[in-house]
Amino acid sequence: MKVQIITPDKTLFDGEARLVQLPGLDGSFELLENHAPIIAALKKGSVKIKTGNDKEQFFEIESGVVEVIKNKVLILAE
Amino acid sequence: MPSLKEVRIRIESVKSTQQITSAMKMVAASKLRKAQNAILTMRPYAAKLTEIMQNISANLDESSESPFTQQRDLQRILIIGIASNRGLCGPFNVNVAKAIVKNITEKYPAQYKAGNVEIITIGKKLSDFLNARNYKIAKQYDDLLENLSFAAIQPIARQFMDDFAAQKFDHIEIIYNQFKNAAVQILQTETLLPVIRQEEKNQEPSGPKIDFIFEPSEKEIITELIPKSLKIQFYKALLDSTASEHGARMTAMHKATDNAQDLLKELKLSYNKARQAAITNEILEIVGGAEALKG
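Sequence order sets the numbering: in each chain, residues are counted from 1 along the sequence as written. Chains and ligands are labelled sequentially in the order written, the chains with letters from A and the ligands with numbers from 1. Local features are withheld for residues below a pLDDT of 70 in this predicted model, meaning they are given only at 70 or higher, and side-chain atom pairs are given and counted only at 80 or more; totals for whole chains, interfaces and linings count all residues.

Peer 1: How should the sheet that holds strand β2 (residues 117-122) of chain B be read in this particular structure?
Peer 2: Think of a sheet as strands paired side by side through backbone hydrogen bonds, with each pair either parallel or antiparallel. Residues and elements named next belong to chain B. Here, strands pair whenever DSSP counts at least two bridges between them. Numbering goes from the N terminus for both helices and strands, where a helix is a DSSP run of H or I of at least four residues and a strand is a run of E of at least two. Taken in spatial order, the five strands make up an open sheet running β3-β2-β1-β4-β5, and their pairing is mixed. Looking at the sheet topology across the chains shown, the edges are occupied by β3 (139-140) and β5 (184-193). Note: strand β1 (residues 77-82) against β2, six bridges, orientation parallel. Paired with Gly81 across the strands is Thr121, a residue of β2. For the purpose of contact definition, each residue receives a C-beta atom placed from its backbone, and two residues are in contact when these atoms lie within 7 Å. Every axis corresponds to a line fitted to the C-alpha atoms, with the helix fit spanning only the stretch in contact, and the corresponding angles, defined between N-to-C directions, vary from 0 to 180 degrees. Across the face of the sheet, helix α6 (residues 218-294) comes into contact with β1, β4 (171-181) and β5 while running at roughly 45° to β4.

Peer 1: Is there a simple way to explain the environment of Ala237(B) in this structure?
Peer 2: All names here are of chain B. Turning to its location among the elements, Ala237 is positioned in helix α6. Sequence spacing of Ala237 and Leu40 is 197 residues, and the spatial spacing of their C-alpha atoms is 13 Å. For Ala237, the contacting residues outside a window of four places in its chain are Ile82, Ile174, Tyr176 and Glu190.

Peer 1: Please explain the nonpolar core as it appears in this structure.
Peer 2: One recurring pattern in soluble globular proteins: nonpolar side chains tend to sit buried together. The term nonpolar core refers to a set of buried Ala, Val, Leu, Ile, Met, Phe, Trp, Tyr and Cys residues connected through C-beta atoms within 7 Å. Comment: burial labels come from other C-beta atoms within 10 Å of the residue's own C-beta, placed from the backbone, where a count of 20 or more is buried, 12 or fewer is exposed, and between is partly exposed. By size, the foremost hydrophobic cluster in this structure holds 79 residues, and its most contacted members are Val65(A) and Ile82(B). Among the elements that make up this core, the one with the highest residue count is α6(B) (14 residues). Once you skip the residues sitting within four places of it in the chain, Val65(A) turns out to touch Ile39(A), Ala40(A), Ala41(A), Leu42(A), Leu76(A), Ile52(B), Ile221(B), Glu224(B) and Leu225(B).

Peer 1: In this structure, what is going on with unusual backbone geometry? I would like to understand it.
Peer 2: For residues that are not glycine, phi is negative in most cases, and the peptide bond is trans in most cases. Cis geometry marks the peptide bond from Leu193(B) to Pro194(B); its omega dihedral reads 0°. Residue position: Pro194(B) is located in the loop between β5 and β6 (213-215). Going from Glu215(B) to Pro216(B), the amide bond is cis rather than trans, its omega being 0°. Relative to the helices and strands, Pro216(B) is located in the loop between β6 and α6. In the Ramachandran plot, Asn71(A) falls in the positive-phi region, its phi being about 60° despite a non-glycine side chain. Tracing the backbone through its elements, the reader meets Asn71(A) in the loop between β8 (64-69) and β9 (72-77). Overall, the presence of 12 C-beta atoms within 10 Å leaves Asn71(A) in the exposed class.

Peer 1: Could you clarify how one ought to interpret the interface of chain A and chain B in this entry?
Peer 2: Size of an interface, as often reported, equals the accessible area lost when the parts are brought together. Of the residues lining the interface, 19 residues belong to chain A; the matching set on chain B comes to 24 residues. Among the elements of the structure, β5 (38-42), β8 and β9 of chain A are those that each provide at least two residues to the side of chain A that touches chain B. Ranked by residues supplied to the side of chain A that touches chain B, first place goes to β5(A) with four residues. Polar here means any residue outside two lists: the nonpolar Ala, Val, Leu, Ile, Met, Phe, Trp, Tyr, Cys and Pro, and the charged Asp, Glu, Lys and Arg; Gly therefore counts as polar. Tallied by class, residues from the side of chain A that touches chain B come to 13 nonpolar, two polar and four charged. The pairing of β5(A) with β6(B) spans three bridges and is parallel. Residue Ile38(A) lies in a different strand from β6(B), and its bridge partner there is Ile213(B).

Quick look at the structure:
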């Protein structure tokens, strides 16, 4: 699935990923391929992205919101 | 007619001024490019945020009131003016200052008399202008412009929101120069708070409506998103203003360089005239002297 992390200043991540772990307002959750459409608010924490070759990347965010439509994950972070 | 030496000195001074103005023009041009890039990277964020908010609003009932959407009687007003720390950019700063004065005297004279209009300035030149005209400035955030980043504006934006929610102000507006292109800035007065609900646009029947899962709930998400979009609005105003400033300075300096060029032309002409006159004089003297010797 395609993942984008955008902040007002720049784009942090843009590419394919296998798994995304997010700090949801009510607790951490993960998104995998073919997830149902969801809009969720995020709190302070780190976003984990696992790309195809099992490499993990972490991004610290202050707060944010995530939107998933048809295997497109859009994270608006601060 | 001025003497040769005087003209020469003037030519030198105009030349050095021209060098300065053309250097400033180049600097402004490169800063403008940077500022434009900042706007361009911010735009997708702002666009997506509005998109998500619309997606939620479509699923939301009318009853959801937020402390930021409350419309109250206009009693206490806060005006935020955004200009620049430096001059030499044409009417850029003065336009903002004049708009603030105009708003106070025309839109809120009663509130101003009662001492209920506060002014916050961002930009030293703007503060100076208003100070000179005896307008009281509640706060100045001049340093903000030196190192503009989203992180830096967050606490200030939050302060505005807290003040509004605590009913310290009933209306907050921003006055700034919107960036259209390098030569054109549009003076904007925008209402920051209260948030005005956008008229429900007729949803295009393109494709079926997506059935989202909301986590935790629509209402909580929207209360999270409204402050975000406000911060973005404030940040966008600042970025726009910075880009406009550099655009305005570039235009002003371009004009100044052109003017210096014209002035140089005139001075060169009068310099040459003076030189010719001096030579003619000299020849006349020599010829006169020779005539006298012959006689």
